[in-house]
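So the chains spell out like this:
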Amino acid sequence: MEDIRTIVVKELKEFWMARGSLRSRLLSFLPMVIVFGIYLPLQQREAWTEIPAVAGIWFTMLPLVLAGGTAADSFAGERERHTLETLLATRLSDRDIFLGKVLATVIYCVGIVWGCALVGLISLNVTRGPAPFFMYGAPVLALILVGSILVSLLMTAVGVLVSLRAASVRAAAQYFGFATLAIFIGLPLIVQALPDSAKAALDRAVLGANWTAVGLTVAAAILAIDALLLSIGIARFQRTRLILE
Amino acid sequence: MTAYAIETREITRNFGDLCAVDKVSLQVSAGSIFGFLGPNGAGKTTTLRLLLGLLELNGGSATVLGYDVASQAAAIREHTGVLLEHDGLYQRLSLNDNLDFFGRIYHLDAMSRQKRIRELLEHLGLWERRHVAVTALSRGMRQKAAIARALLHRPSLVFLDEPSAGLDPVAAVALRQDIQSLARKENTTVFLTTHNLAEAEKVCDLVGVIRQGRLIAVGAPATLRLRTGKAITEVYGRGFGEHALAALRSQPQVCSVSVQDGHLLVELETGAETAPLVSLLVREGAQIEEVRKGQGSLEEAFVALMRDEGEGN
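What counts, and at which threshold
- Numbering of residues starts from 1 in every chain and runs along the sequence as written.
- Here the convention is simple: chains get letters from A, ligands get numbers from 1, in the order in which they are written.
- Under the rules for a predicted model, residues below a pLDDT of 70 receive no local features and side-chain atom pairs below 80 are neither given nor counted, while totals for whole chains, interfaces and linings still include all residues.
- Segments assigned H or I by DSSP are reported as helices when at least four residues long, segments assigned E as strands when at least two residues long, and all are numbered from the N terminus.
- We call two residues in contact when the distance between their C-beta atoms, placed using the backbone, is within 7 Å.
- Two strands pair if DSSP finds at least two bridges between them.
- Working convention: axes come from line fits to C-alpha atoms, limited for helices to the stretch in contact. Angles between N-to-C directions cover 0 to 180 degrees.
- By this rule the span expected of a helix is its residue count minus one, scaled by 1.5 Å.
- Note on burial: count the other C-beta atoms lying within 10 Å of the residue's C-beta; 20 or more is buried, 12 or fewer is exposed, in between is partly exposed, and C-beta positions come from the backbone.
- Asp, Glu, Lys and Arg are counted as charged, while Ala, Val, Leu, Ile, Met, Phe, Trp, Tyr, Cys and Pro are counted as nonpolar; the rest, among them Gly, fall into the polar class.
- An angle below 35 degrees is read as roughly parallel, one above 145 as roughly antiparallel, one from 65 to 115 as roughly perpendicular, and any other as oblique.
- Crossing handedness is defined as follows: a turn of the near helix away from the far one that is anticlockwise and smaller than a right angle gives a left-handed crossing, while the clockwise case is right-handed.
- The pLDDT value tells you how sure the predictor is about a given residue, anywhere from 0 up to 100.

1. Some words on the overall build of chain B
The helix and strand inventory of chain B stands at eleven helices and 14 strands. Expressed as lengths along the three principal axes of its C-alpha atoms, the size of chain B is roughly 75 × 45 × 35 Å. Contacts in chain B between residues far apart in sequence, at least 24 positions, make up 71% of those at least 6 positions apart.

Structural data, given as structure tokens:
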């Protein structure tokens, strides 16, 4: 665990230092804080803390945007900046390097999501007036706390897998972009292509669904995919292959 | 640990049809500075990667610090330090953060880490710059910092892949002195790949010459120089007429004679004496003012080795 922590600390320092001066670093987070911590919560008010489809979905989607670029930088970036071979020539095990990089990206994404969620709550309560105290409802809280971790892990695992084989950060980001786009465009297209009877059945299922059960099922499915992708990543992370590529 | 820090037995590595390292056998004594010489693409870096277990062997076997490269690569990396083709420093982080990261990798506790970083950076004249981002350091400083990183955990063996490449002459000399002094001070074995022959001659106890993946010579720089280098003797004076030059050229120990800026350059076989040739010139009517007896350089020896190998192929 100590070696994984060493990698995590280094990666987080690099994420932070990549943004130049302290002012630039703080400014780079400002748009996210304004949108997810101030604008959307104040616009949605109660819905923001109570309806999973509002804040929960936004906060689960945020890692989709954040994780890709960061994960794509993990190995392709080290290769591009000529630091990968030196890292591979240390005593660190393949597994520790891989997991350290994955964990750092997840911590970065989840940290931003949780930070924005907290700022949102503060914004709502500061401006609540005579209204009762705002607090996230259990389903929303679960989506923020658990959903962000699962989605961050999923997108990070995909990003790192792409990054392992990409020649440059730009190439890795492009591959990742294509993969994400395929999911976002592919899923609606599949639904569109369904026969009318199937679409009607799907509508009925959505309207009458037990959302707790659906949420748990989806979470379990994402967890299983996370585990699978991480296993593939660990298996594919081989010093010799990385050096040769 | 064995007497040899590195021992290879016919190690081979192929990339498709290309044999990058071809049955290389060598022994590097513990505590010595070994120079691995060769032109670009000769197989130096591939050999280094094989010794670190970063590439797999296609044939032969090797031990580094007594550990087998095929089955105990992790142990080798635990006990060695490296400066590879690139300095490998994280540009966005400060020098101190870089060294601290590598110190953590080798499980140095916080106090020993900071003490060791200070010791190395003070020795290398970089202590005042420890909080500067690596990207703001000159290339020479970065190379020095990378050497500090390689030695941070007091490894028994360090691999330096062309450490002075791209440095100006002043920085290269300073770096060479640092490598020498640190290696001696810490009793570390150094495996240095280079195509800077002057560097190898000044720093290394033993050199190996590799060409097209094959080790073509191993020995102390002085031995290699004697084995293949030709001594150049410069003769200053007057009256170096055609007769005198012809007489010189007829001598079996004389390889070549040329006149440059009014003085003679005489290339002699290794070990040839100069006095009989001076007498001969005087007999032929030349007036000698000064004779400078030179030694063949390692560079000449290297060129001769490359030429001989080229002709042999």
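2. Side note on the overall build of chain A
Counting its regular elements, chain A contains eleven helices and zero strands. Reading the helices (α) and strands (β) of chain A from amino to carboxyl end gives α-α-α-α-α-α-α-α-α-α-α. A separation of at least 24 residues holds for 84% of the contacts in chain A among residues at least 6 apart in sequence.

3. Things to note about the sheet that holds strand β6 (residues 80-83) of chain B
Strands in a sheet are paired, the pairing made by backbone hydrogen bonds, and the direction either parallel or antiparallel. Residues and elements named next belong to chain B. Overall, mixed pairing links the six strands, which are arranged β6-β7-β8-β3-β9-β10 in an open sheet. Of all strands in the sheet, those with a lone pairing partner are β6 and β10 (214-219), marking the two edges. When the angles between neighbouring strand axes are averaged without regard to direction, this sheet yields 15°. Pairing of strand β3 (residues 33-37) with strand β9 (residues 206-211) involves four bridges; the strand directions are parallel.

4. Things to note about helix α7 (residues 138-165) of chain A
In an α-helix, one turn spans 3.6 residues, which is why side chains three or four residues apart end up on the same side. For α7 of chain A, which comprises 28 residues, the first-to-last C-alpha distance of 40 Å matches the rise-based estimate of 40 Å (1.5 Å per residue) to within 8%. Of all the 28 residues making up α7 of chain A, 21 are buried; the element is thus mostly covered by neighbouring parts of the structure.

5. Let's talk about the interface of chain B and chain A
Opposite the 21 residues of chain B that make contact, chain A presents 20 residues. Broken down by secondary-structure element, the contributors of at least two residues to the side of chain B that touches chain A are α2 (73-79) and α3 (95-105) of chain B. Top element by residues in the side of chain B that touches chain A is α3 of chain B. It accounts for four residues. Its residues placed into classes, the side of chain B that touches chain A shows eleven nonpolar, three polar and seven charged.

6. Looking at unusual backbone geometry
Residue and element names in this part refer to chain B. One non-glycine residue, L65, adopts positive backbone phi at about 55°. Here L65 shows up in the loop between β4 (59-64) and β5 (67-68). Looking at L65, the number of C-beta atoms within 10 Å reads 21, which means it is buried. With a phi close to 60°, H107 is a non-glycine residue in the positive phi region.

7. Concerning the packing of helix α4 (residues 52-80) of chain A against α7 of chain A
Residue and element names in this part refer to chain A. At their nearest, the axes of α4 and α7 sit 7 Å apart, and the two run at 25° to each other. Taken together, the axes of α4 and α7 are roughly parallel relative to one another. Where α4 crosses over α7, the two elements pack in a sense that is right-handed. Split by residue class, the contact of α4 with α7 holds 19 nonpolar, ten polar and no charged.

8. Some remarks on the packing of α4 of chain A against helix α6 (residues 94-126) of chain A
Residue and element names in this part refer to chain A. Where α4 meets α6, the closest approach of the two axes is 9 Å, and the angle between their N-to-C directions is 150°. Classified by chirality, the crossing of α6 by α4 is right-handed. Mapping the contact onto sequence places F59, L62, P63, L66, A67, T70, A71 and S74 in α4 and K101, T105, Y108, C109, I112, V113 and A117 in α6. The residue inventory of the contact of α4 with α6, partitioned by class, reads eleven nonpolar, three polar and one charged.

9. What about the environment of S258 of chain B?
Its location among the elements puts S258 of chain B in strand β12 (residues 254-260). In the structure, S258 of chain B is positioned 197 residues away from S61 of chain B in sequence and 49 Å away in space, judged by C-alpha atoms.

10. Notes on the sheet that holds strand β2 (residues 18-29) of chain B
All names here are of chain B. Taken in spatial order, the four strands of this open sheet run β2-β1-β4-β5, and their pairing is antiparallel. In this open sheet, the two strands that pair with only one neighbour each are β2 and β5. In this structure, strand β1 (residues 4-15) lies alongside β2, joined through eight bridges in antiparallel fashion. Note on β2: the bridge partner recorded for I6 is V28. Set on the sheet, helix α1 (residues 44-51) makes contact with β1, β2 and β4; between it and β2 the angle comes to about 65°.

11. Remarks on the pairing of β10 of chain B
Looking along a regular strand, one sees side chains alternate from face to face of the sheet. Residues and elements named next belong to chain B. Pairing geometry for β9 and β10, over five bridges, is antiparallel. Bridged to V209 within β10 is A217. Count of turn residues in the β9/β10 antiparallel hairpin: two residues, of which Q212 carries a positive phi of about 45°.

12. Considerations on the confidence of the model for chain B
When pLDDT is averaged along chain B, the result is 86, and 92% of the positions lie at 70 or above. Predicted complex metrics record ipTM = 0.83 and pTM = 0.80.

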